[in-house]
Amino acid sequence: MKLKFKIVEKMIFNSLSGIGGSFVMLLFLLASCSGTRHLTNGERLYTGAVVRLESTEKVNKVNIKTSIESVVRPKPNSSYFGMRPQLSIYMTAGRNPKGKFKKWLQKMGQAPVLMANVNPTATSAVIDATLFNMGIFNSSTTFRIIEKKRTASVIYTSYVHKPYTIKECGYSISDDGLSRIIRSDAKNSLIKPGADYNLDLLKAERESIDALLKNSGYFYFNPDYLLFKADTTMVNRTISLTLILKDSVDANALTVYHINHVFIDQNYSLNDEAADRKKDTVMIQNNVFIGSEADMNIHPQVILRSVYLRKHEIYSRQNHTITLNRLMSMGNFKFVQVKFSDSDTTASGYLDATILLTPMTRHTFRAELDLVTKSNNYTGPRMNLSLLNRNAFKGAELLSLNMAGSFEAQLSGVTKNLFSYSFNPQIKLTFPRFLAPFNIKQTNSIYVPKTTFSLSYNFLKRVDYFDMSTFQFMYGFKWKNSISIENEFNPVSISNTSISNESAVFTDLLAANPFLKKSYEEQFIAGSNYSFTYNEQMLVGKKWQYFIHFTAESAGNLLSLASRMGGKTPSPENPAKIVGSIYSQFAKLSVDGRVYYNFRDNNKIALRLFAGVAGAYGNSSILPYSKQFFSGGPNSIRAFQINSIGPGTYLQNAANSVFMNQGGDIKLETNAEYRFGIYRFVKGALFVDAGNVWVQKSNSSNIGSSFALSTFMNEIAVGAGLGLRVDVSFFVLRFDLAMPLRKPWLDDGQRWVMNQIDFSNSTWRRNNLVLNIAIGYPF
């Protein structure tokens, strides 16, 4: 067998050359991965099932078929274009290797799913039960087995009718208290007249009513105490529902509970007993804190801002959840538990709540050492040291001290032997509340708002070019309205960048590019910014998930107003200064929209559209370099080097691009990516990226082409490629190999370059293939 394989391999490579031969060889190898060669006589590999629907009426076949397919068992072996490599690995392991290597191969592979393991009769019954739960009460399902030489499949045919529809939903609750609450919320019922009957809908309605009652003090209530009585009509296929209460319901489930005592232990250890009343206690605002106040790490008043369970109030599951989430999101506790017990009072209907807080270690020191390789061919070590104090002033403040440093060298590319080093100290203080000179009303969100003060300094030295120093101060707020909505507002954002030790080479480069020279000059920025994020990616189970990130930023307006009040009208020709630097005045808007479509097999289509526009005015004619838009790179258009596209039809000078990439005032970018599983945590992707940046017509530079509705589509850069990702949930290592399909800097009519693709040509590969190595998904 081994000799035969070598002969075939030689024949293929003698008849074909380069990448074409390799591709044919790959197909030859994969063709042998069907996994059926090693089956014993009489065994047939189960290759899956086909579901067919028959009906004399108009029904929603897509929805019905999807529901049926979700319950068909077993699932066949994974296959890729008709090949089953994981099955082949498993079968090979069973024949040859021994010991640990055999176990490893079998773990990597998949055991064969044989037709003998399939029970079509039982599956047909499950299908009919599923259809019954969808309101198709009179369905019938048959099956037919299709056998081939080594494989077999099953065809299930379901005969269905239109689902029964809900005529009405009434209430007949024997307990007056429950009945009053349920009826008062009837307008929010999930069950609507005219909707198709669905058992899952009835279950969801019971859960919804249970949550309503839990928020009304019914601590011991259970959704299983609720039943739906159904009355069907055969003539028009409708069903009338009546919600009733079970006959045998525990008395405590019908009792409204109030909070009596609230005990809080902020130094709880998992080794302690749940409620140790022998410790000292302190009464603060009707809450009992366990331990002496002097021994409490965090001021009790700080903790009480996140406690929504209060003495004498009716128990509410919502307040229970808010308390748990706010205490955890403070960032000071490893575990948070709330335990309830019946209060030892003579009156019934009272609960004691014990809040157990297990603190994290107060101080954490972290040291990280990385070897960084960038797409601009810079490589070098980077170190980051950080010290975190989780309770700086006994108010649950987070004080972070960071020191980062790096050394990079460009050892290949157009420009070699370039060196740079940097260091970046930073101090950041975060308060678990809004901290402002005016009163901000506290919300009952389950998330604690944060106020952050940040001060940092960054020094960068490009050897033989320049030194750059940047001071930055920021003061702002971050808060969440829900699990999917987050806001960030920084009313004060100040940075000042200065350049010194400019070499003659660098000065000459700036002199040749007035646009870039102006960008480097105007580096004092004083303004504010706001961002809004809507993110559904953490909402599991949704087929369609949406993401929107909107940002708005402006700078220089207050300084310009002060200048005008002082009698000076700022302008680019006669700019005003502060601390010896010309301040920037601009406005910037951007929106990043994404859509994710999730398949049942966990594969995914991800689409992204980014649009941004910015403009300088008043004291400035050009945007600061750090505020311009750039395109190209691992999280942008992956077929081009980082920040190398545009503006418009401009071709970046590779010799200068290590620190002088040209940016733009307008950016449009779109990406499409199909993500699929390969093996466990190994994922694959196919992607297409397109976009560019442009300067506005009012921009004084003559770099590239300005944005125009009539021409921008003809100036779009396009790239495509494939990716390999190692996704272990908390960490994603990404390898994306891409090639350009359209180069906007070429002459009109020659910008599409797909006809030049030649994988066998080393020069083409060197000039066009771009390997992006990055952490995390691109979007």
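Residues numbered from 1 in each chain as written. Predicted model: local features only at pLDDT ≥ 70, side-chain atom pairs only at ≥ 80, totals over all residues. Heavy atoms only, no water.

## Thoughts on the overall build of the protein chain
What counts, and what does not: Secondary structure elements follow DSSP: runs of H or I of four or more residues count as helices, runs of E of two or more count as strands, with numbering from the N terminus. Contact criterion: two residues are considered in contact whenever any of their non-hydrogen atoms come within 4.5 Å of each other. Only the protein chains shown count as cover for residues, with accessible areas throughout obtained via the Shrake-Rupley method and a probe of 1.4 Å.
Across its full length, the protein chain carries 14 helices and 29 strands. A separation of at least 24 residues holds for 64% of the contacts in the protein chain among residues at least 6 apart in sequence. Of the roughly 40900 Å² of accessible surface on the protein chain, a fraction of 57% belongs to carbon and sulfur atoms.

## Digging into the side chain of S644
Among the secondary structure elements, S644 is positioned in the loop between strand 24 (604-616) and strand 25 (666-679). For S644, the residues in contact, after removing those within four places along its chain, are S631, Q652 and N661.

## A short note on a nonpolar patch on the surface
The condition is simple: In this scheme, patches are assembled from residues that exceed 30% relative accessible area and form no salt bridge. Like charges are connected within 9 Å, while nonpolar side chains (Val, Leu, Ile, Met, Phe, Trp, Tyr) are connected within 5 Å. By definition here, a salt bridge exists when the distance from a side-chain nitrogen of Lys or Arg to a carboxyl oxygen of Asp or Glu is within 4 Å. Burial classes: relative accessible area under 20% of the type maximum marks a residue as buried, over 50% as exposed, and values in between as partly exposed (1.4 Å probe, protein chains only).
Taken together, the side chains of F599, I605, L607, Y674, L686, L722, L737, L771 and I773 make up a nonpolar region of the molecular surface, amounting to roughly 770 Å² of accessible area. Counting residues per element, the ones that place at least two in the nonpolar patch are strand 24 and strand 29 (770-775). Relative to the helices and strands, F599 resides in the loop between strand 23 (586-598) and strand 24. Overall, F599 belongs to the partly exposed group, its relative accessible area being 32%.

## Regarding helix 6 (residues 120-133)
For clarity, the threshold we go by: In this analysis, the expected span of each helix is defined as 1.5 Å times one less than the number of residues it contains. The directions considered for the arc run from the helix axis to the C-beta atoms.
Helix length check: helix 6, at 14 residues, gives a terminal C-alpha distance of 20 Å against a target of 20 Å (1.5 Å per residue), a fit within 8%. Where helix 6 is concerned, the buried positions are P120, T123, S124, I127, T130 and L131. One side of helix 6 holds all its buried residues, which, seen down the axis, span an arc of 120°. In this structure, the buried side of helix 6 is in contact with helix 3 (61-69), strand 2 (140-147) and strand 3 (151-159). Directly beyond the C-terminal end of helix 6, a positive phi value near 90° is found at G135.

## A word on unusual backbone geometry
Here R73 and P74 are connected by a cis peptide whose omega angle stands at -5°. Within the secondary structure, P74 is located in the loop between helix 3 and helix 4 (85-95). Looking along the chain, the bond that leaves G646 and enters P647 is cis, with omega of 5°. Mapped onto the fold, P647 is located in the loop between strand 24 and strand 25. A positive phi angle, near 65°, is found at N286, a position not held by glycine.

## So, the packing of aromatic side chains
This is how it is decided: Two rings belonging to Phe, Tyr or Trp (six-membered ring only in the last case) form a pair when the distance between their centres is within 6.5 Å. Interplanar angles under 30 degrees mark stacking, angles over 60 mark edge-to-face geometry, and anything in between is tilted. For a ring to carry a charge above it, either NZ of a lysine or CZ of an arginine must fall within 6 Å of the ring centroid while also lying within 35 degrees of the normal to the ring plane.
Going through the model one piece at a time under the given rule, you end up with 31 aromatic pairs. On the basis of an interplanar angle of 85° and a centroid distance of 4.9 Å, the ring pair of F219 and Y315 is categorised as edge-to-face. One end of the pair, F219, is in the loop between helix 8 (199-214) and strand 5 (226-233); the other, Y315, is in the loop between helix 9 (300-304) and helix 10 (317-329), with 96 residues separating them in the sequence. A single burial state applies to F219 and to Y315, both of which are buried. Plain terms: the ring middles of Y597 and F599 are 4.9 Å apart, the flat faces sit at 85° to each other, and that makes the pair edge-to-face. Residue Y597 is classed as partly exposed on the basis of its relative accessible area, which comes to 21%. Site record: aromatic cluster; members linked through ring pairs are F431, F434, F453, Y475, F477 and W479. The aromatic ring of Y447 is capped on one face by K480, whose charged end is 4.6 Å from the ring centroid.

## Digging into the sheet that holds strand 11 (residues 350-359)
Condition: At least two bridges found by DSSP between two strands are what make those strands a pair. Where helices are involved, their axes are fitted lines through C-alpha atoms of the stretch in contact, as for all axes, and angles between N-to-C directions lie from 0 to 180°.
Taken in spatial order, the five strands of this open sheet run 8-9-7-11-10, and their pairing is mixed. Each edge of the sheet is formed by a strand with only one pairing partner; in this case those strands are strand 8 (281-284) and strand 10 (333-342). Taken pair by pair, the neighbouring strands of this sheet meet at an average axis angle of 25°, ignoring direction. As defined by bridge partners, strand 7 (residues 258-265) adjoins strand 11 across six bridges and the pair is classed as parallel.

## Some points on the pattern of salt bridges
This model, assessed by the stated rule, comprises 20 salt bridges. With a closest N to O distance of 2.9 Å, D467 and K461 form a salt bridge. The shortest N-O distance in the salt bridge between R675 and E673 comes to 2.5 Å. Assigned by exposure class, R675 and E673 land together as buried. Residues participating in the shared-partner salt-bridge network are R638, E673, R675, D689, R725, R734 and D736.

## A word on the sheet that holds strand 1 (residues 45-54)
Pairing between the strands of a sheet is mediated by backbone hydrogen bonds and can be parallel or antiparallel. Sheet architecture is open: three strands sit in the order 1-3-2, paired in mixed fashion. Every interior strand has two partners, whereas the edge strands, strand 1 and strand 2, have only one. Averaged over all pairs of adjacent strands, the angle between their axes in this sheet comes to 20°, without regard to strand direction. Where strand 2 and strand 3 come together, eight bridges link them in antiparallel fashion. Each residue of the ladder has a partner; that of I146, found in strand 3, is S153. Contacting strand 2 and strand 3, helix 6 runs over the sheet at an angle of about 145° to strand 2.

## Regarding the pairing of strand 16 (residues 450-462)
Inspection of the sheet shows strand 15 (residues 418-431) paired to strand 16 by ten bridges, in the antiparallel sense. What sits directly across from T430, in strand 16, is T452. Note that strand 16 and strand 17 (residues 466-480) share 13 bridges and pair antiparallel. Within strand 17, the residue paired with Y457 across the bridge is F471. Joining the antiparallel neighbours strand 16 and strand 17 is a turn of three residues, in which D464 adopts a positive phi near 75°.

## Some remarks on the pairing of strand 19 (residues 524-535)
The sheet contact formed by strand 18 (residues 485-500) and strand 19 spans ten bridges and is antiparallel. Along strand 19, the bridge assignment pairs I494 with A526. In this sheet, strand 20 (residues 544-555) lies alongside strand 19 in antiparallel orientation, the contact comprising nine bridges. Within strand 20, the residue paired with N529 across the bridge is E553.

## Digging into the environment of I525
With respect to the helices, strands and loops of the structure, I525 is situated in strand 19. Under the relative-accessibility criterion, I525 is labelled buried at 6%. Distance from I525 to G556, taken between C-alpha atoms, is 6.8 Å for residues 31 residues apart in sequence.

## Structural notes on the environment of S469
As a reminder, the rule being used: Counting of polar contacts relies on pairs of N or O atoms within 3.5 Å, with two restrictions inside protein: one atom must be capable of donating a hydrogen and the other of accepting it, and residues adjacent in sequence are counted only when both atoms are side-chain atoms.
Position of S469 relative to the elements: it lies in strand 17. Taking the C-alpha atoms as reference points, S469 and F459, separated by ten residues in sequence, lie 4.6 Å from one another. Apart from the residues within four sequence positions on either side, S469 is in contact with Y457, N458, F459, N496, T497 and S498. There is a polar contact of 3.1 Å between the side chain of S469 and the side chain of Y457.

## Some details on helix 7 (residues 176-184)
Taken as a whole, helix 7 has its buried residues at G177, L178, S179, I181 and I182. Looking at the buried positions of helix 7, the neighbouring elements they touch are strand 4 (165-172), helix 8 and strand 6 (238-245). Two to three positions downstream of the cap, the backbone nitrogen of G177 sits 3.1 Å from a side-chain oxygen, assigning the N-cap of helix 7 to D175.

## Describing the nonpolar core
Convention followed: Here, nonpolar core means buried Ala, Val, Leu, Ile, Met, Phe, Trp, Tyr and Cys residues that are tied together by side-chain atoms lying within 4.5 Å of each other.
If you look at the biggest cluster of nonpolar residues, it comprises 28 residues, and the most contacted ones within it are I264, I303, F340, I355 and L357. Listed by contribution, the elements that provide at least two residues to this core are strand 7, strand 8, helix 9, strand 10 and strand 11. Excluding residues that lie within four positions of it along the chain, I303 makes contacts with I264, Q266, I298, L327, F333 and L357.

## As for the packing of helix 7 against helix 8
To describe two helices that pack against each other, one gives the angle between their axes and the distance between the axes. Operational definition: Angle categories: roughly parallel below 35 degrees, roughly antiparallel above 145, roughly perpendicular from 65 to 115, and oblique for all the rest. Rotating anticlockwise by less than a right angle from the far helix to the near helix defines a left-handed crossing, while the corresponding clockwise rotation defines a right-handed one.
Between helix 7 and helix 8, the shortest axis-to-axis distance is 10 Å and the interhelical angle comes to 115°. Classified by the interaxial angle, the pair formed by helix 7 and helix 8 is roughly perpendicular. Between helix 7 and helix 8 lies a crossing whose hand is right-handed. Across from L178, I181 and I182 in helix 7, the residues of helix 8 making contact are I209, L212 and L213.

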